[in-house]
Amino acid sequence: MAKWLLVFLILCAASVPSQTAPLESVERNRPGHTSETDTQIQILQDRVKGVPSDYAGYDGLGSALFQKARETGDIAYYDLAEQTLNKALALAPQDFRAANPLVHMALVYMGEHRFSDALAFAQKAIATGSGNLAAFAIEGDAYTDMGDYEEAATAYNTLQALGRAISSPLAITYMSDSRLAYLCYLRGDSAEAVRLMKSAIAAGLQTNVPRENLAWLYFEIGERYFQTGDLENAGLSFQSGITADPNHYRSLAGLAKVRAAQGKLEESIQLYQRSIAIIPLPVYVAELGDVYKKLGRGNEAQQQYDLVEYIGHLSKLNQVLANRELALFYADQGIKLQEALELARKELEIRHDIYTWDTLAWVLYKNGRFQEAGEATHKALGLHTNDSLLLFHAGMIYHSLDKDSEAENFLRRALKANPHFHVFQAEVATRTLEDIAQSHNRDLRSGNVQ
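Cut-offs applied
Residues numbered from 1 in each chain as written. Predicted model: local features only at pLDDT ≥ 70, side-chain atom pairs only at ≥ 80, totals over all residues. Heavy atoms only, no water. Helix = DSSP H or I, 4+ residues; strand = E, 2+ residues; numbered from the N terminus. Expected span 1.5 Å × (residues − 1). Buried < 20%, exposed > 50% of the residue type's maximum accessible area, 1.4 Å probe, protein only. Arc of directions from axis to C-beta. Contact = heavy atoms within 4.5 Å. Salt bridge = Lys/Arg side-chain N within 4 Å of Asp/Glu carboxyl O. Phe/Tyr/Trp six-rings, centres within 6.5 Å; stacked < 30°, edge-to-face > 60°. Lys NZ or Arg CZ within 6 Å of the ring centre and 35° of its normal. Core = buried A, V, L, I, M, F, W, Y, C linked by side-chain atoms within 4.5 Å. Polar contact = N/O pair within 3.5 Å; in protein donor to acceptor, adjacent residues only side chain to side chain.

Participant: Could you give me a rundown of helix 9 (residues 149–166), with the residues and numbers involved?
Facilitator: Between its first and last C-alpha atoms helix 9 spans 26 Å; for 18 residues at 1.5 Å apiece the expected length is 26 Å, and the two agree. Looking only at helix 9, the buried set comprises Tyr-149, Ala-152, Ala-153, Ala-155, Tyr-156, Leu-159, Gln-160 and Gly-163. Seen end-on, helix 9 carries its buried residues on one side only, within an arc spanning 160°. Those residues of helix 9 that are exposed and angled more than 90 degrees off the buried face are Glu-150, Ala-165 and Ile-166. The elements touched by buried residues of helix 9 are helix 8 (133–145), helix 10 (169–186) and helix 21 (354–366).

Participant: Let's hear about the side chain of Asp-141: which residues, and what values?
Facilitator: Looking at the secondary structure, you find Asp-141 in helix 8. For Asp-141, a relative accessible area of 17% puts it in the buried group.

Participant: Can you explain the pattern of salt bridges? Please cite residues and give values.
Facilitator: Scanning the model with the defined rule gives 24 salt bridges in all. With a shortest N-O distance of 2.8 Å, Glu-223 and Lys-257 are connected by a salt bridge. One end of the pair, Glu-223, is in helix 12 (residues 211–227); the other, Lys-257, is in helix 14 (residues 249–261), and 34 residues separate them in sequence. For the pair formed by Glu-223 and Lys-257, the shared burial category is buried. Where Arg-297 meets Glu-266, a salt bridge forms, and the shortest distance between an N and an O atom there is 3.2 Å. With Arg-297 in the loop between helix 16 (282–294) and helix 17 (298–312) and Glu-266 in helix 15 (residues 265–278), the pair connects residues that are 31 residues apart, well separated along the chain. Connected through shared salt-bridge partners, Glu-82, Glu-112, Arg-114 and Asp-117 make up one network.

Participant: Explain the packing of aromatic side chains to me, and be specific about the residues and the numbers.
Facilitator: Counted according to the given criterion, the structure contains eleven aromatic pairs. Ring geometry for Phe-66 against Tyr-78: centres 6.2 Å apart, planes inclined by 45°, an arrangement best described as tilted. Of this pair, Phe-66 sits in helix 4 (residues 55–72) while Tyr-78 is found in helix 5 (residues 76–91), placing the two residues twelve residues apart along the sequence. In this pair, the class of Phe-66 matches that of Tyr-78, namely buried. Put simply, the rings of Trp-362, Tyr-365, Phe-370, Phe-392 and Phe-421 touch in pairs and so form one group of aromatic residues. When the ring centre of Tyr-185 is taken as reference, the NZ or CZ atom of Arg-224 above it lies at 4.4 Å. Lys-257 extends its terminal NZ or CZ atom over the ring of Phe-226, reaching a point 4.6 Å from the ring centre.

Participant: Tell me about the nonpolar core, residues and numbers included.
Facilitator: Formed by 135 residues in total, the largest nonpolar core has its most connected members in Tyr-284, Leu-360 and Phe-392. The element that contributes the greatest number of residues to this core is helix 21, accounting for nine residues. Those residues in contact with Leu-360, other than ones at most four positions away along the chain, are Leu-341, Ala-344, Arg-345, Leu-348 and Ala-376. Counting residues in hydrophobic clusters, the runner-up holds five residues, among them Leu-133, Ala-137, Leu-159 and Ile-172.

Participant: Give a detailed account of helix 23 (residues 388–400), specifying residues and quantitative values.
Facilitator: Taking 1.5 Å of rise per residue, the 13 residues of helix 23 would be expected to cover 18 Å, and the 18 Å separating its terminal C-alpha atoms lies within 8% of that figure. Of all 13 residues in helix 23, ten are buried; the element is thus mostly enclosed. Where helix 23 is concerned, the buried positions are Ser-388, Leu-390, Leu-391, Phe-392, His-393, Ala-394, Gly-395, Met-396, Ile-397 and Tyr-398. At the N-terminal boundary of helix 23, the capping side chain belongs to Asp-387, with an oxygen 2.9 Å from the backbone nitrogen of Leu-389. Asp-402 lies just past helix 23 and shows a positive phi near 60°.

Any functional reading would require information beyond the geometric quantities listed.
Rendered as structure tokens:
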């Protein structure tokens with residue numbers, strides 16, 4: 001499987017379209033069956049060829065290409081969408097009618113992790129006075145990824161207030177509740193996050209959102225359930241995502257993670273293979289490698305680990321999108337630790353969210369720079385997020401600083417939140433707690449002897 005994927009990726013790298021490649025030739029050469037989005041792309045291509053001055057046609061085509069990127073994970077579509085939307089913006093009147101292409105361009109930039117650019121375009125759309133609700137949503141999303149959580153909350157609150165005035169209740173619920181759910185989760189309120197995600201899913205079902213978008217909602221609630229240790233509901237949610245969109249690679253990988261946590265390792269492998277056959281995201285390839293390693297299949301695990309590095313350096317955009325994942329991967333594997341530190345610092349230049357601070361903290365810890373790691377993990381924990389992996393990292397870092405009371409607290413919280421949060425790290429947390437307890441007992445005996 002891994003060897004086949006490597007060949008597939010090499011072929012994909014050789015066939016990535018140039019910036020001047022005709023859109024129709026690119027579409028003709030894409031593997032797989034024709035989807036609704038493919039049909040829409042073809043219709044809009046014909047439209048702009050017939051009316052080359054139609055800015056709305058280019059805007060619709062750019063939006064469809066972005067949707068295709070969402071559905072397939074193929075980053076080549078981001079570039080195509082950006083080219084097309086630039087054409088739309090060049091043709092669009094400089095008034096409220098420019099809001100839609102500005103919003104769609106902001107979405108493309110979010111997909112490319114160009115968060116400051118996404119924020120700028122969303123705010124340009126807002127400035128047109130069109131009342132485009134998506135502009136406020138993207139503004140909040142950009143602030144969230146950049147770690148400006150108060151600004152994000154303000155944007156989402158504005159979205160809700162304006163939406164109640166000009167949109168239907170279902171539309172605004174779908175647009176806002178999933179975003180507010182994530183902020184609630186980050187702030188440690190997992191129960192409210194789940195409630196809001198259920199609300200967003202109900203609204204999405206009633207408004208007939210695209211199947212990939214619905215699958216994304218199921219994936220998100222599955223993540224919330226998994227992070228609280230509710231494996232049953234996590235599995236049901238990921239399965240619902242697969243039912244909504246059988247090609248939703250994230251839901252497939254989510255269900256694979258649940259099966260690994262349940263000890264169903266062979267089933268987990270099959271699900272991961274299905275996921276990365278659609279699009280091999282480095283994080284899922286690494287997780288597949290971990291499952292192989294757990295089964296003692298070292299050669300197959302190493303094939304996946306080698307593939308992680310290859311994918312991460314496949315293109316310039318991959319080198320941006322995979323910075324954080326590669327840094328964590330190197331740290332977990334204990335390899336290329338200096339490069340991991342460079343990647344983590346590079347990621348911190350574009351976003352300052354808690355997960356980037358956590359990545360930096362973990363990489364610093366693995367590099368033996370414990371004091372700096374402690375400072376970074378303090379920032380990662382600033383919102384009191386109840387994420388087992390963050391808590392585990394904090395526990396290990398405080399243990400390295402000989403602050404075993406704090407270490408014990410964080411490690412216990414990690415295992416309480418989800419005893420199966422990682423196929424290896426959960427075991428490390430348990431062993432470290434045992435080591436701390438033994439050390440404490442030795443200290444007590446030593447004190448009694450004195």
